[in-house]
Amino acid sequence: MTRAGLLRLAGCIALAGFVVLPLVQAMALSLTATLGAEGVPVGSFGLYNYINIIQRPDLRASIGNSVTYVSLNVVFCLIAGLPAAYGLARFRFVGDRHFLMFLLAFRVTPPVVLSLPIFILFARVGMINSPVGIALVHCVFNLPIAIWILESFIAAIPRSFDEMAFIDGHSRSGFFVRFLIPAIAPGVAVAAFFCFIFSWVEVVFARILTVSAGKPITQAITALFTFQTDWGLVMAMTVFSLVPGVLMIFLVRNHIARGFVIRT
Amino acid sequence: MKPHNNAAWALMIPAGVVMIFVAVLPMLAVLNYSFHDIFSLDKVLWVGTDWYKLIVTAPRFWASLGRSALFSTLAISIQLPLGIATALMLRKMQPVWATVMLMCLSIPLVVPTNMIAGLWLALLRPEGLGGQILSALHLYLDYKFTAVHTWALILLVDTWHWLGLVVVLAYAGLSSIQPAYYQAAAVDSASRWAVFRWIELPQISGALWIVMLLRLVDSFMIYTEVMTINAGGPNDATTFLSLELGEEIKAYSYGTAAARAMVDFVFVLTLVWVFVKLREVGKQAAGDIP
């Protein structure tokens, strides 16, 4: 191996170590009984914490809640985002650049800024504690991202593709479902991926919109911090919360990089 | 060239309606609160621009703004070069291994925000792996009471969280460069730096611009990680804009919190605007080069 090759190998190992070290620590802690219980001495090694998650209804429910609103959010972003992305990719119109800037402005709005009025607004329309509410609010930052990503994928397809479908007598909605979506499937996957992870890791909105029920996984973890925190259980829950994201990364690994090519 | 058709606005309607409901209306509400003193939702008193005057005349606010600006600058100047260098290195590797590294670097992106700092604090406990490594190296990390250490830890954690995004996007840009460019550079026996400056950098600038923008605004308003690590301490040394705002929301002073939120929002928007303008100037300059 050449000297440059060795240097690269060393660089990679150092970088991988840096990224993986906190995760290894979390794994190790999650497999250790940090508080112990009857028949489970402190420091014993095993799946004790994971069994604990399955046995606690509040933790089980939180996983279901998170999955529900994150999936709903992905659906909302795709349904609202696809037509907008198509329009921006295919036509020029009065105010098109301003519309993009408008979206950008809200992508960069810190959630804390909007948290209070969103709480009051959603309380008024009865969407507190509901997964639909959180899924809608997460559109603030995910819809702009979805539109950008989908737009760049649609723009890469020649216009003649649309015209062929229309000549064949397909309506616009038929064209969307039968032609456009299959043609930009990797783009839909990448958009879904980014919406999924940004919604999955978000905490501010998810916290204020769940007052008494529908707590997400992030809140369930926060609730585990008490006077005597069971670090093993916290870490088991954290490791658990990584599973869907890591699966998503694996699924889109070959397309993940194409999404953010943006024209303004 | 795209045809001009104002009927395309009809396609913006679903997205527009959602954004009006979840973003525009709440934003208008914040603007409205910022001119009022809110005791309860029924007892509201008009105070005009008093909150704004109070905020911009407070030295603490300007100190927080300075700290936020410094943090953003440091975060970007560490993460961007490191991310580009990593992407360049990955391009030299076999694709399979490059993909493995990309996946590995993306994992921190899917960690819930409130556990990012928690993972590092668990690692750095004296009995944790990181704590043991540090003590073997005779290093001592005092992030609770030494400001420099707190800053270093926050920067480290933030870099851990976001480096993957920079690498993934830079790598994507580099992968799309046609081999012909490199061959031409080799014929001209261009230096490694020249290849980077005139071939690679222009090709990845589109991806870099969006990652820079995202990093800029997200680091400028960083909250959860800083709050977990040391709650703005020691002695306000890591009290950023968002932490001041968080204090007021927690204290239920909605009027002043709303005014502060508006001020912060204006700063973020100004940053974005300057950024977009710089980008346009840069594009024109690049266009002048044949």
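Small disclaimer: the values here were computed from a predicted structure and weren't measured. (Residues numbered from 1 in each chain as written. Chains lettered and ligands numbered in written order. Predicted model: local features only at pLDDT ≥ 70, side-chain atom pairs only at ≥ 80, totals over all residues. Heavy atoms only, no water.)

**Q** Break down the interface of chain B and chain A for me, citing the residues and quoting the values.
**A** Many descriptions give the size of an interface as the accessible area lost when the pieces come together. Contact residues are listed per partner, giving 82 residues for chain B and 90 residues for chain A. Buried surface at the junction of chain B and chain A, both sides included, amounts to about 7,800 Å², of which 82% is carbon and sulfur. Summed over the shared surface of chain B and chain A, the result is one salt bridge. Linking R107 of chain A and D218 of chain B is a salt bridge whose minimum nitrogen-to-oxygen distance equals 3.5 Å. Our enumeration of links across chain B and chain A arrives at 13 residue pairs in polar contact (both at pLDDT 80 or more). Among the elements that line the side of chain B that touches chain A, the one with the most residues is helix 1 (residues 9-33) of chain B, at 16 residues. Of the residues assigned to the side of chain B that touches chain A, the class counts are 63 nonpolar, 13 polar and six charged. (Contact = heavy atoms within 4.5 Å. Buried area = accessible area lost by both parts, 1.4 Å probe. Salt bridge = Lys/Arg side-chain N within 4 Å of Asp/Glu carboxyl O. Polar contact = N/O pair within 3.5 Å; in protein donor to acceptor, adjacent residues only side chain to side chain. Helix = DSSP H or I, 4+ residues; strand = E, 2+ residues; numbered from the N terminus. Nonpolar A, V, L, I, M, F, W, Y, C, P; charged D, E, K, R; others polar.)

**Q** Any details on unusual backbone geometry? Residues and values, ideally.
**A** Even without being a glycine, H138 of chain B presents a positive backbone phi close to 60°. Looking at the element boundaries, H138 of chain B is found in the loop between helix 6 (129-136) and helix 7 (147-175).

**Q** Summarise helix 3 (residues 57-90) of chain A; cite the residues concerned and give the values.
**A** Given a rise of 1.5 Å per residue, 34 residues ought to cover 50 Å, and the 49 Å separating the end C-alpha atoms of helix 3 of chain A matches this to within 8%. In the structure, helix 3 of chain A departs most strongly from a straight axis at G81 of chain A, where the bend amounts to approximately 35° and where the proline P83 of chain A lies between one and four residues downstream. (Expected span 1.5 Å × (residues − 1). Bend = angle between axes of the 7 residues up to and from the residue.)

**Q** I'd love a proper account of the confidence of the model for chain A, names of residues and values included.
**A** When pLDDT is low, close inspection of the predicted coordinates is not appropriate. When pLDDT is averaged along chain A, the result is 84, and 96% of the positions lie at 70 or above. Contacts for the low-pLDDT stretch residues 259-264 of chain A, under 50 throughout, to residues beyond four places or in other chains number 20 contacts. (pLDDT = per-residue confidence, 0-100.)

**Q** How would you summarise the pattern of salt bridges if you had to cite specific residues and measurements?
**A** Following the criterion strictly, the structure yields 11 salt bridges over all chains and no others. With a closest N to O distance of 3.1 Å, R56 of chain A and D58 of chain A form a salt bridge. Taking the relative accessible area as the measure of exposure, R56 of chain A reaches 28% and is therefore partly exposed. Classification of D58 of chain A by relative accessible area gives partly exposed; the value is 42%. With its nearest N and O atoms 2.7 Å apart, the salt bridge here joins R90 of chain A to D162 of chain A. Here D162 of chain A lies in helix 8 (residues 160-167) and R90 of chain A lies in helix 3, a separation of 72 residues in the sequence. Relative accessible area serves as the criterion here: at 2%, R90 of chain A is assigned to the buried category. Salt bridges linked by common partners bring R60, D236, E244, E247 and R260 of chain B together as one network. (Buried < 20%, exposed > 50% of the residue type's maximum accessible area, 1.4 Å probe, protein only.)

**Q** Explain the packing of aromatic side chains to me, using residue names and the numbers behind them.
**A** Counted according to the given criterion, the structure contains 29 aromatic pairs over all chains. Relative to F179 of chain A, the ring of F175 of chain A lies with its centre 6.4 Å away and its plane at 15°, an arrangement referred to as stacked. Residue F175 of chain A and its partner F179 of chain A are located together in helix 9 (residues 172-183), separated by four residues, close to a single helical turn. Assessed through its relative accessible area of 0%, F175 of chain A is described here as buried. Ring geometry for F61 of chain B and F267 of chain B: centres 6.1 Å apart, planes at 45°, overall tilted. Of this pair, F61 of chain B sits in helix 3 (residues 59-91) while F267 of chain B sits in helix 12 (residues 254-288), placing them 206 residues apart in sequence. Residue placement shows R107 of chain A over the ring face of F198 of chain A; its charged tip is 5.6 Å from the ring centre. (Phe/Tyr/Trp six-rings, centres within 6.5 Å; stacked < 30°, edge-to-face > 60°. Lys NZ or Arg CZ within 6 Å of the ring centre and 35° of its normal.)

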